[in-house]
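The primary structure of each chain is shown beneath.
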Amino acid sequence: MGKGRAQSVSTSVGVMRTDILTREYPPHIYGGAGVHVTELAAVLREHIEVEVRAFDGQRADPHVTGYEALGGGVGDASLDVLAHNLPMAKDCAGADIVHSHTWYANMAGHLAARLHGIPHVLSAHSLEPLRPWKAEQLGGGYAVSSWIEKTAYEAADGVIAVSAGMRNDILRCYPVIDPTKVRVVHNGIDVDAWVAPNTDEEKSAADAVVAHWGIDRNRPALVFVGRITRQKGLPYFLRAVEQLPPEIQVVLCAGAPDTKEIAAEVAGAVAKLQETRDGVIWIEKHLPRAELVAVLDACTAFVCPSIYEPLGIVNLEAMAVGLPVVASATGGIPEVVVDGETGLLVPIDQVTDGTGTPLRPDEFVSDLAAALTDAVSDVERARRWGQAGRARATQDFSWDTIGERTLGVYREILG
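These numbers come from a predicted model, not from an experiment.

What follows covers the confidence of the model for the chain. Per-residue confidence for the chain gives a mean pLDDT of 94, with 97% of residues at or over 70. For the stretch residues 1–6, pLDDT sits under 50, and the model shows 15 contacts to residues farther than four places along the chain or on other chains.

Our focus in this paragraph is the pairing of strand β14 (residues 325–328). Burial of β14 is two-sided: the residues Val325 and Ala327 facing one way and the residues Val326 and Ser328 facing the other way are all buried. Bridge count for strand β13 (residues 301–304) against β14 is 3 bridges, and the pairing is parallel. If you follow Cys304 over to β14, its bridge partner there is Ala327. For the crossover that starts at β13, traverses helix α11 (residues 313–321) and ends in the parallel β14, the hand is right-handed. With 4 bridges joining them, β14 and strand β15 (residues 343–346) adopt parallel strand pairing.

Okay, the sheet that holds β15 next. The sheet built from 6 strands is open, its strands ordered β12-β11-β10-β13-β14-β15 with parallel pairing. Each edge of the open sheet is held by one strand with a lone partner, namely β12 (280–283) and β15. Taken over all neighbouring pairs, the strand axes of this sheet differ in orientation by 20 degrees on average, direction set aside. The sheet contact formed by strand β10 (residues 221–227) and strand β11 (residues 249–255) spans 7 bridges and is parallel. Bridge assignment links Gly226 to a residue of β11, and that residue is Ala254. Against the sheet, helix α8 (residues 234–241) contacts β10, β11 and β13, and its axis sits at roughly 165 degrees relative to β11.

To continue, consider the state of the cysteines. Note on terminology: a disulfide is the covalent bond linking the sulfur atoms of two cysteines. Evaluated as defined, the whole model comprises 0 disulfides. This cysteine, Cys173, is not joined by any disulfide, and Cys304 carries the nearest cysteine sulfur, 20 Å off.

In this section: the side chain of Thr229. Its location among the elements puts Thr229 in the loop between β10 and α8. If near-sequence neighbours (up to four positions away) are discounted, Thr229 is found in contact with Asp258 and Ile262.

Attention now goes to the packing of aromatic side chains. Per the stated rule, a full pass over the model turns up 5 aromatic pairs. Ring geometry for Tyr153 versus Tyr174: centroids 5.4 Å apart, planes at 45 degrees, classification tilted. Remark: Tyr174 occurs in the loop between α6 (164–173) and β9 (182–184) and Tyr153 occurs in helix α5 (residues 141–155); sequence separation between them is 21 residues. Taken together, a centroid distance of 5.8 Å and an interplanar angle of 75 degrees make the contact between Tyr236 and Phe364 edge-to-face. With Tyr236 in helix α8 and Phe364 in helix α12 (residues 361–377), this residue pair connects regions lying 128 residues apart in the sequence.

Another aspect to go through is the environment of Gly32. With respect to the secondary-structure elements, Gly32 resides in helix α1 (residues 32–44). On the accessibility criterion, Gly32 (35% relative accessible area) is partly exposed. Separated by 92 residues in the primary sequence, Gly32 and Ala124 have C-alpha atoms spaced 12 Å apart.

Here we take up the nonpolar core. Core analysis: the largest hydrophobic core is formed by 93 residues, its most contacted members being Ile170, Val223 and Phe237. Top element by residues in this core is α12. It accounts for 8 residues. Filtering out sequence-adjacent residues up to four positions away, Val223 remains in contact with Val251, Cys253, Val295, Leu296, Cys299, Ala301, Phe302, Val303 and Leu323. Tyr25, Ile48, Val50 and Val185 belong to the second largest nonpolar core, which has 22 residues in total.

To continue, consider the packing of α12 against helix α13 (residues 379–396). Close contact between α12 and α13 brings their axes to 6 Å; oriented N to C, the two are set at 95 degrees. It follows from the interaxial angle that α12 and α13 lie roughly perpendicular. Here Asp374, Ala375, Val376 and Ser377 of α12 lie close against α13, whose contacting residues are Val379, Arg381, Ala382 and Trp385. Of the residues assigned to the contact of α12 with α13, the class counts are 5 nonpolar, 1 polar and 2 charged.

For β11, a buried count of 7 out of 7 residues is recorded, marking the element as mostly surrounded by other parts of the structure. Along β11, one buried face is formed by Gln249, Val251, Cys253 and Gly255 and the opposite face, lined by Val250, Leu252 and Ala254, is buried too. Taken together, β10, α8 and β11 form a β-α-β motif whose crossover is right-handed. Looking at chain direction, β11 and β12 are connected through 4 bridges and run parallel. Paired with Leu252 across the bridge in β12 is Trp282. A crossover connection joins β11 to the parallel β12 through helix α9 (residues 260–276); in handedness this β-α-β unit is right-handed.

The rules behind each value
Residues numbered from 1 in each chain as written. Predicted model: local features only at pLDDT ≥ 70, side-chain atom pairs only at ≥ 80, totals over all residues. Heavy atoms only, no water. pLDDT = per-residue confidence, 0-100. Contact = heavy atoms within 4.5 Å. Buried < 20%, exposed > 50% of the residue type's maximum accessible area, 1.4 Å probe, protein only. Helix = DSSP H or I, 4+ residues; strand = E, 2+ residues; numbered from the N terminus. Pairing = 2+ DSSP bridges. Right-handed = clockwise from strand over helix to strand, strands pointing away. Axes fitted to C-alpha atoms, helices over the stretch in contact; angles between N-to-C directions. Disulfide = S-S within 2.5 Å. Phe/Tyr/Trp six-rings, centres within 6.5 Å; stacked < 30°, edge-to-face > 60°. Core = buried A, V, L, I, M, F, W, Y, C linked by side-chain atoms within 4.5 Å. Parallel < 35°, antiparallel > 145°, perpendicular 65-115°, else oblique. Nonpolar A, V, L, I, M, F, W, Y, C, P; charged D, E, K, R; others polar.

Encoded structure:
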């Protein structure tokens, strides 16, 4: 499905048109769902007409419509989501199918399907019942987001799960959904965009970035990339760092905290570590891709301590750069990271109340610390794992493959 091989996909009345509904779209991207939507829209445009409808105001692209909250909103975060969704749904007139992403846009897809008599497909990037800590962030708004998601999922014509683990979670959380409607289409990665510096110019620019942040290429280094949220498991990683040999550096590309409480918790833990060991580097700003690649390439291994992760685009990005990944064996992560081949998986037994909290947190922290120490103890092995990870990302998670599978879902639903 690469460039130069595009073939248009037609319906009985012309080329198929899908309207993709999303909160995030460039230049406003906050997480993995935004990356997914951006890449998916690009690869689908090689075959069908694509209109993107997103939050955060108008864009220059004529096929992207950005929306502000209708009437300026009402001043409540969850209700203002609906104030975005209403005009998004109205404007889907003329589409053959609507495809929504995350609860922020699910109601727009649900309403568009009913208003215009077209099928609604949604992609499941996360599930509200499995993120109960969001009540800490949204208060009563969590009940609103949960209602939106449940309503949209149970009425959708098709649900795309980003992993088999996510498919199981969907059917467990929403048992009224017909299992035949839930299909697995993994997240993808643009391996050409996530590649270690090659040219002299790229290496020079990367060296400048690495020097700026004080990363020592002559010492082993672990890197974490992610938002500061409960699901990313950062506090467990910071506890594990206390058990690491002193020569191991820790690079935290971590920002955008969900709440003041977790922001304070992480800040306190980092400050404590920096008092007792050197080489603890916290990069709070959102780095441009080239700078993030430079940071990744300067490190020995990538860490993903998530307690909830449907798939984990960050793991694919790290693998594409050539890093082995040490990750918790939860959600869709084992479908990406091959234990002993592209990194290490850390066992985690979790409570089933939706929080994902480890049943034995001290044991999880100790196991994580041991796996991290092991991963960086043999530099040549780490390099081999990294090479195998890039090969896996290239072969199994290309956007060409994900685009073809998504089109297959559209065709099946449209008949």
